[in-house]
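Take a look at the letters that make up each chain.
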Amino acid sequence: MRELLQQVRIIDSELETDKIADVLIADGKIQAVAPEISDISSDTQIKDCRGLILGTGLVDLYSHSSEPGFEERETLSSLLQAAAAGGFTRVSILPDTSPAIDHPAIVAQLRQKAGEMVNIPHFHIWGAMTLDLAGKQLTELADLAAGGVVGFTDGKPWENLGFVRRVLEYLQPFGKPVAFSPGDRLLSANGVVREGTQALRLGLPPIPASAETTAIASLLELVAAIGTPVHIMRVSTERSVELIAAAKAQGLPITASTTWMHLLLDTTAIKSYNTSLHLEPPLGNASDVEALRAGVRAGVIDAIAIDHAAYTYEEKVQAFAESPPGAIGFELALPLLWQNLVETGKFTALELWQALSTKPAICLQQKPSLITPEQKAEVTLFNPQETWKVEKKNLHTLSSNTPWLGQEIKGRVVQIWA
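What you see is a predicted model; the values in this text were computed from it and never measured. Each chain has its residues counted from 1, running along the sequence as written. Two thresholds apply to this predicted model, a pLDDT of at least 70 for residue-level local features and 80 or more for giving and counting side-chain atom pairs, whereas whole-chain, interface and lining totals are computed over all residues. Side-chain numbers come from the whole structure's heavy atoms, not from hydrogens or water.

(A) Region of the structure containing the nonpolar core. We call a set of buried Ala, Val, Leu, Ile, Met, Phe, Trp, Tyr and Cys residues a nonpolar core when their side-chain atoms join them within 4.5 Å. Three labels apply to residues, based on accessible area from a 1.4 Å probe with only protein chains included: buried if under 20% of the type maximum, exposed if over 50%, partly exposed otherwise in between. Counting residues in hydrophobic clusters, the biggest one holds 102 residues, and the most contacted among them are Phe 180, Trp 260 and Leu 337. Pairs of residues are marked as contacts when any of their non-hydrogen atoms sit within 4.5 Å. Leaving out residues up to four positions away in the same chain, Trp 260 has contacts with Ile 304, Ala 305, Ile 306, Ile 328, Gly 329, Leu 332, Ala 333, Leu 336, Leu 337 and Trp 404. In terms of nonpolar packing, the next biggest core, distinct from the first, is built from 15 residues, Ile 10, Ile 30, Leu 54 and Ala 377 among them.

Structure follows, in structure tokens:
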């Protein structure tokens, strides 16, 4: 099939170009990019793409798969369909399934199931560092690496810093991404919101910023001592950005990410007590949000992750502090980030696209996609002006745990090529 996208706005986040041109796609490849393409065959499907954006495919660093174990929340099929509908051409799932992804057989099972699907994003799997994610006994790391995992993480705060040191020593030879979600469980205690004035008004148990920053500081000390490159997940505080900036200035081999909702909302949003705003780590204060945005623009925070976490209606309809933390995001992230950051002038289009496409790929040690002739077509077509209502019937994901449920938002993905 040959498709000509006429006068589309091209955002190539790897080549750092933002321009209007025609793009010809055929046989899964980009055949031509030019100011105007007129020499086309009769079997070419022509699309008028004025006002639309063609960007390099979006890459999600980490999200939660409910299959195996919690298929009532989400199946692997619905997860990947939701990701495709949101513009993602690559998806990497965390190992916190049931059973956990701590054995090559589970990796093989999931890869086989994904391989039977069509028109889905490239599918990658994080392997667990420890058996059952318990943080006490290492998995067969070499077997998981040979089984094709994209990297290693338990995807949750650690309890034993000595064990983290051991993990870094063992994983150094594998040359795969190693990711940690920083948090001190003792400092967090039973907290559910960021400590501050708003937490007092809400009457909810607080989590101090130091629960995250002390964990990051400890991790950075271990990286400095051992030298194993690490990725720091779910950065959510102003002080964390400062610590990471200082570590990068010293040349430590680290990358970092925050999640899309932490760039859009702060603690004041929780006045609604909507349990879809119960996240881990919690939403930050206003100064945290500003620091995270500045960190992404400056490259201190390399990437924006989606951290999609589906839950059933019954699981989320309870007291805020008793609800499981997490929210869906695949189909909402790009429209809401574009609407709130790009259209308001807080980010350039290239800055946002780099944090959602090129830089996540680099964090995963993958080659970013390009919009140039003879490259495989791994691109996302986005209409920033289309308005639609966030309703269960309009979502590909099986769950609807999002604070934007029932609201109209602007921006929708038209198509991906993967």
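(B) Expanded view of helix α10 (residues 286-298). In this text, helices come from DSSP runs of H or I with a minimum length of four residues, and strands from runs of E with a minimum of two, each type numbered from the N-terminal end. To estimate how far a helix should reach, multiply one less than its number of residues by 1.5 Å. Taking 1.5 Å as the rise per residue, α10 with 13 residues should run 18 Å; its terminal C-alpha atoms sit 18 Å apart, in good agreement. Residues Asp 288, Val 289, Ala 291, Leu 292, Arg 293, Gly 295 and Val 296 constitute the buried set of α10. One or two steps after α10, the chain reaches Gly 299, where phi turns positive at roughly 85 degrees.

(C) Here's a closer look at the side chain of Asp 302. Structurally, the position occupied by Asp 302 is in the loop between α10 and β15 (303-305). The class for Asp 302 is buried, based on a relative accessible area of 14%. Within the structure, Asp 302 has its side chain in polar contact with the side chain of Lys 248 (distance 2.7 Å). As used in this structure description, the phrase polar contact means that two N or O atoms lie within 3.5 Å; if the pair is within protein, one of them must be able to donate a hydrogen and the other to accept it, and residues adjacent in sequence are counted only when both atoms belong to side chains. A distance of 2.8 Å separates the side chain of Asp 302 from the backbone nitrogen of Ala 256, its partner in a polar contact. Every residue in contact with Asp 302, bar those within four places of it in the chain, is listed here: Lys 248, Thr 255, Ala 256, Ala 355, Lys 359 and Cys 363.

(D) Examining the sheet that holds strand β9 (residues 151-152) more closely. Pairing between strands is defined by DSSP: at least two bridges between the two strands are required. Spatially, β6-β7-β8-β9 is the arrangement adopted by the 4 strands of the open sheet, whose pairing is parallel. On the outer flanks of this sheet lie β6 (58-63) and β9, each paired with one strand and no other. With 2 bridges connecting them, strand β8 (residues 122-127) and β9 associate as parallel partners. Along β9, the bridge assignment pairs Gly 127 with Phe 152. For helices, the axis comes from a line fit to the C-alpha atoms of the stretch in contact; other axes are also lines fit to C-alpha atoms, and the angle between any two N-to-C directions lies between 0 and 180 degrees. Docked against the sheet, helix α13 (residues 349-363) engages β6 and β7 (88-93), running at close to 65 degrees with respect to β6.

(E) Structural view of helix α12 (residues 333-342). Counting buried positions over the 10 residues of α12 gives 8, a clear majority of the element. Listed in full, the buried residues belonging to α12 are Ala 333, Leu 334, Pro 335, Leu 336, Leu 337, Trp 338, Leu 341 and Val 342.

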